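# Structural overview
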Amino acid sequence: KLDVSTIKFGRIHGDDDGGLLKDDSTFVPLKISSYISSIKIVTSRQLQSLQFFYSVDGDKISAGISSFTKNSINANHNSTIFNLTQLGPNERINRVHLYIRPSPTSFKIGHRICGIQFYTPNHASPLYGQKYGQLSIEEYPGFVLAYLRTGEQDPIRRIQFVWYKS
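No experiment lies behind these values; they were computed from the predicted model shown.

What follows covers the overall build of the protein. On a plain count of helices and strands, the protein comes out with zero helices and 12 strands. When the helices and strands of the protein are read in sequence order from the N terminus, they spell out β-β-β-β-β-β-β-β-β-β-β-β. Relative to its 166 residues, the protein shows a buried fraction of 52%. Long-range pairs, those at least 24 residues apart, make up 67% of the contacts in the protein between residues at least 6 apart in sequence. Taken as a whole, the protein presents about 8,300 Å² of accessible surface, with 51% of it coming from carbon and sulfur.

All right, on to the nonpolar core then. Judged by nonpolar contacts, the single largest core of 35 residues is most densely connected at Ile39, Leu50 and Phe118. Elements represented by at least two residues in this core include exactly β3 (35-43), β4 (47-57), β7 (95-102), β8 (111-119), β11 (143-150) and β12 (158-165).

In this section: the side chain of serine 136. Inspection of the secondary structure puts serine 136 in strand β10 (residues 134-138). There is a polar contact of 3.0 Å between the side chain of serine 136 and the side chain of arginine 11. Setting aside residues up to four positions removed in sequence, serine 136 forms contacts with Arg11, His13, Val96, His97, Leu98 and Ile100.

With that settled, the discussion passes to the pairing of β4. Consecutive residues of a regular strand have side chains that alternate between opposite faces of the sheet. Here β4 lies mainly inside the structure; 10 of its 11 residues are buried. Pairing of β3 with β4, which is carried by eight bridges, proceeds in the antiparallel orientation. The partner of tyrosine 35 across the bridge, within β4, is serine 55. Hairpin connection, β3 to β4: the antiparallel pair is bridged by three residues.

If you trace the backbone, arginine 158 turns up in strand β12. The sequence separation of arginine 158 and leucine 21 amounts to 137 residues, and the corresponding C-alpha distance is 7.6 Å.

The strand order across the open sheet formed by four strands is β9-β8-β7-β10, and the pairing between neighbours is antiparallel. With partners counted over all chains shown, the strands left at the sheet margins are β9 (128-129) and β10, one partner each.

Relative to the elements of secondary structure, glycine 88 occurs in the loop between β6 (78-83) and β7. Using a relative accessible area of 17% as the deciding quantity, one classes glycine 88 as buried. On a C-alpha basis, the gap between glycine 88 and histidine 123 in space is 9.9 Å, while along the polypeptide they are 35 residues apart.

For threonine 150, the location among the structural elements is in strand β11. Each C-alpha atom, one on threonine 150 and one on glutamine 160, is 6.2 Å from the other, the two residues being 10 residues apart in sequence.

For the structure shown, the criterion picks out five aromatic pairs. Ring geometry for phenylalanine 82 and tyrosine 128: centres 6.4 Å apart, planes at 55°, overall tilted. Residue phenylalanine 82 is found in strand β6, and its partner tyrosine 128 is found in strand β9; the two are separated by 46 residues along the sequence. The class for phenylalanine 82 is buried, based on a relative accessible area of 7%. Taking relative accessible area as the criterion, tyrosine 128 reaches 8% and is therefore assigned buried. Aromatic ring contacts, followed pair by pair, group Phe52, Tyr54, Phe82, Phe118 and Tyr128 into a single cluster.

Basis of the calculations
Residues numbered from 1 in each chain as written. Predicted model: local features only at pLDDT ≥ 70, side-chain atom pairs only at ≥ 80, totals over all residues. Heavy atoms only, no water. Helix = DSSP H or I, 4+ residues; strand = E, 2+ residues; numbered from the N terminus. Buried < 20%, exposed > 50% of the residue type's maximum accessible area, 1.4 Å probe, protein only. Contact = heavy atoms within 4.5 Å. Areas by Shrake-Rupley, 256 points an atom, 1.4 Å probe, with all protein chains shown as cover. Core = buried A, V, L, I, M, F, W, Y, C linked by side-chain atoms within 4.5 Å. Polar contact = N/O pair within 3.5 Å; in protein donor to acceptor, adjacent residues only side chain to side chain. Pairing = 2+ DSSP bridges. Phe/Tyr/Trp six-rings, centres within 6.5 Å; stacked < 30°, edge-to-face > 60°.

Structure below.
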């Protein structure tokens, strides 16, 4: 189990009505030695869903259930895997860029997370989704991304990253 003293909860991005936060740490037996090995990203005009895959004990990979629901993938969506283990054995995400667009006031659907990009000290992922809206950067010096918490809606309307000391 992760030591709470080494954890930093990032900002909650998106809407308050984006559903309760689902937490990967309640579904995957994460340890301080665990790390994100890959991420499945589903996009359309906005971020539909994310699923993190974790290396928990050496080569054992566990899938988080974060934001996937039965409506996550259809013919209009793009599904991609960002594989961190192909970048190098010690690559860890230390910064995330989110593009968040408020919906027009005539709609009551709230903010949309339109794009996401992950960074390690030596690499940047492609931008997944689109650069619409305001850029929000989440980075905490001395911390790496540990796991994900998301709301219960497609597309993702609420997201929080959890970090641990590196």
